[in-house]
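Each chain is listed here by its residues.
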Amino acid sequence: MLTSDELAEIAGGVKDADSVALAVMPADKVSQALDQMMSLMTEVQVEPAECNSIATGTALKPDSSTTMAVGASTSSNAELTQTLSLLSGVDKQKLDETLSARSKEIADCGNLSMKIGEMSVTATTTGLDSGADTPGAIAMRTDVTLPTGTTQSTVMTFAVKGGVLIAAQASGTGVTSADLAPAEELLDQAAALID
């Protein structure tokens, strides 16, 4: 298992599409952000209910036996955010099961609705062909339509290398499936730094 510091070093060694090193979030900030997100997600009603994990974007929930690091980069016009997260300490079988379940969820959860308090949003998820060099990588795109009519899109890719779950994504208002390539570049760079 890699320590948080080792994961942070890997995340910091990855560069975005503009060749700028990712900004690595301090471990306590990652932990705080996750706690906030998890508590917010308990208030979200997802239909169909079995699509909850894909709706929340959490393939695996970190716990006290895991370590994690997150690196991010935001474009100069703030329309695109690229994020890389690394999770270590999860049993290999569970990692494999998670990736295989995610592939099935992408197929089964193409259309879902989420209710957060009084706000309802709809989400469409489609599987994308992965062009990553990292073996076993899967990719997806989610388009969330807000009550205002604005659509927020996210392309994500996941893979496992050396017992580390690597997830890379690009999100923003102008995101298209073409933004998968730079996200996969983050994934491949991180995988190359893991033994």
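Numbering of residues starts from 1 in every chain and runs along the sequence as written. Where local features are concerned, this predicted model is filtered to residues with pLDDT of at least 70; where side-chain atom pairs are given and counted, the filter is 80 or more; whole-chain, interface and lining totals use all residues. No hydrogens and no water enter the side-chain calculation; it runs on all heavy atoms of the structure.

Chemist: Mind laying out the environment of Gln82, listing which residues take part and the relevant values?
Modeler: Mapped onto the elements of the fold, Gln82 is located in strand 4 (residues 80–88). As for Gln82 and Ala170, which are separated by 88 residues in sequence, their C-alpha atoms are 4.4 Å apart. Gln82 has contacts with Asp16, Ala17, Gly71, Ala72, Ser73, Gln169, Ala170, Pro182, Ala183 and Leu186, leaving out every residue within four places of it along the chain. Segments assigned H or I by DSSP are reported as helices when at least four residues long, segments assigned E as strands when at least two residues long, and all are numbered from the N terminus. Only heavy atoms enter the contact rule, under which two residues are in contact if any of them lie within 4.5 Å.

Chemist: Report on the sheet that holds strand 1 (residues 23–24), specifying residues and quantitative values.
Modeler: Strands are treated as partners if at least two bridges between them are detected by DSSP. Read across the open sheet, the nine strands follow the order 1-3-4-9-8-7-6-5-2; overall the sheet is antiparallel. Each edge of the open sheet is held by one strand with a lone partner, namely strand 1 and strand 2 (44–47). For strand 5 (residues 111–116) and strand 6 (residues 119–128), the ladder comprises six bridges, and the chain directions are antiparallel. If you follow Asn111 over to strand 6, its bridge partner there is Thr124. Against the sheet, helix 4 (residues 92–108) engages strand 6, strand 7 (138–145), strand 8 (151–161) and strand 9 (164–172), with an angle of about 50 degrees to strand 7. Angles run from 0 to 180 degrees between N-to-C directions of axes, and those axes are lines fitted to C-alpha atoms, restricted for helices to the stretch in contact.

Chemist: Describe the pairing of strand 4, with residues and values.
Modeler: Residue burial is assigned from relative accessible area. The probe radius is 1.4 Å, only protein chains are included, and a residue is buried under 20% of its type maximum, exposed over 50%, and partly exposed in between. Within strand 4, seven of the nine residues are buried, leaving the element largely enclosed by the surrounding structure. Examined bridge by bridge, strand 3 (residues 67–74) and strand 4 share eight bridges and lie antiparallel to one another. Counted as the bridge partner of Thr74 is Thr81 from strand 4. In terms of strand pairing, strand 4 meets strand 9 through nine bridges, oriented antiparallel. Counterpart to Gln82 in the pairing with strand 9 is Ala170.

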